Amino acid sequence: QVRLEESGGGLAQAGGSLRLSCAASGSIFSINLMSWYRQAPGKQRELVAQIGSAGNTNYADSVKGRFAISRDNAKRTMYLQMNSLKPEDTGVYYCYFLTATTGAYWGQGTQVTVSS
């Protein structure tokens, strides 16, 4: 059974930093795309950042220059370094892995709260 487990969420002050991790376990291979999404209260889930198998990245305009996504293929783990946090970054952050063989998987989410 495949499982994605996020960690690193919590409470931060505006201007602070947090680092999220998402580690995969189980029979999951050939992960083409790794992504972070977030959902704020009362809002739709939105894409924050994504990274392809070649290391190519894409960011939402709202986080460009502040967040950095990375991956460790050997560990089947993805990271999101979040700097210069703002209250509007508050939400539940979800990881998403798209594989070449067995489909897509979501993590259970980790709460990030940024106080002003």
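Now for a description of the structure that goes with this document.

Cut-offs applied
- Counting restarts for each chain, with residues numbered from 1 along the sequence as it is written.
- Thresholds applied to this predicted model are a pLDDT of at least 70 for local features of residues and 80 or more for the giving and counting of side-chain atom pairs; totals over whole chains, interfaces and linings are not thresholded and use all residues.
- Heavy atoms from the whole structure form the basis of all side-chain values; hydrogens and water molecules are not counted.
- Cysteine sulfur pairs qualify as disulfides if the two atoms are within 2.5 Å.
- Secondary structure elements follow DSSP: runs of H or I of four or more residues count as helices, runs of E of two or more count as strands, with numbering from the N terminus.
- Buried, partly exposed and exposed residues are distinguished by accessible area as a fraction of the type maximum, computed with a 1.4 Å probe on protein chains only: under 20%, between the cut-offs, and over 50%, respectively.
- A 3.5 Å cut-off defines polar contacts: any pair of N or O atoms within that distance qualifies, except that in protein one atom must be a possible hydrogen donor and the other a possible acceptor, and neighbouring residues in sequence count only when both atoms are side-chain atoms.
- Note on contacts: a residue pair is in contact if any heavy atoms of the two residues lie within 4.5 Å.
- Strand pairing is assigned whenever DSSP identifies at least 2 bridges connecting the two strands.
- Only centres within 6.5 Å qualify two rings of Phe, Tyr or Trp (six-membered ring in Trp) as a pair; their planes then separate them into stacked at under 30 degrees, edge-to-face at over 60, and tilted for everything else.
- Over a ring means this: the NZ of a Lys or the CZ of an Arg is within 6 Å of the ring centre and within 35 degrees of the ring normal.

**Remarks on the state of the cysteines**
Within the structure shown, the criterion is met by one disulfide. The disulfide partner of Cys 22 is Cys 95, and the gap between their sulfur atoms is 2.1 Å. Disulfide Cys 22-Cys 95: the torsion about the S-S bond is 55°, which places it as right-handed. Taken together, the residues span a long stretch of sequence, with Cys 22 in strand 3 (residues 18–25) and Cys 95 in strand 9 (residues 91–99) at a distance of 73 residues. Since its relative accessible area comes to 0%, Cys 95 is described here as buried.

**A short note on the side chain of Thr 110**
Structurally, Thr 110 is set in strand 11 (residues 110–115). Reaching out from Thr 110, the side chain makes a polar contact with the backbone nitrogen of Gly 9 at a distance of 3.5 Å. In contact with Thr 110, other than residues within four places in its own chain, are Glu 6, Gly 9, Leu 20, Gly 91, Val 92 and Tyr 93.

**Some points on the pairing of strand 4 (residues 31–39)**
Where strand 4 lies against strand 9, eight bridges are found, and the strand directions are antiparallel. Bridge assignment links Leu 33 to a residue of strand 9, and that residue is Leu 98. The sheet contact formed by strand 4 and strand 5 (residues 46–52) spans six bridges and is antiparallel. Paired with Trp 36 across the strands is Ala 49, a residue of strand 5. The antiparallel hairpin formed by strand 4 and strand 5 contains six residues in its connecting segment, where Gly 42 sits at a positive phi of about 75°.

**Notes on the packing of aromatic side chains**
The full count for this structure, using the stated rule, is four aromatic pairs. A ring pair is formed by Tyr 94 and Trp 106, whose centres lie 6.5 Å apart and whose planes are at 85°; its orientation type is edge-to-face. Residue Tyr 94 is located in strand 9, and its partner Trp 106 is located in strand 10 (residues 104–106); the two are separated by twelve residues in the primary sequence. Residue class for Trp 106 comes out partly exposed when judged on its relative accessible area of 40%. Among the aromatic residues, those joined into a ring-pair cluster are Tyr 37, Tyr 94, Tyr 96 and Trp 106. Its end group placed over the ring of Tyr 79, Arg 19 keeps NZ or CZ at 4.2 Å from the ring centre.

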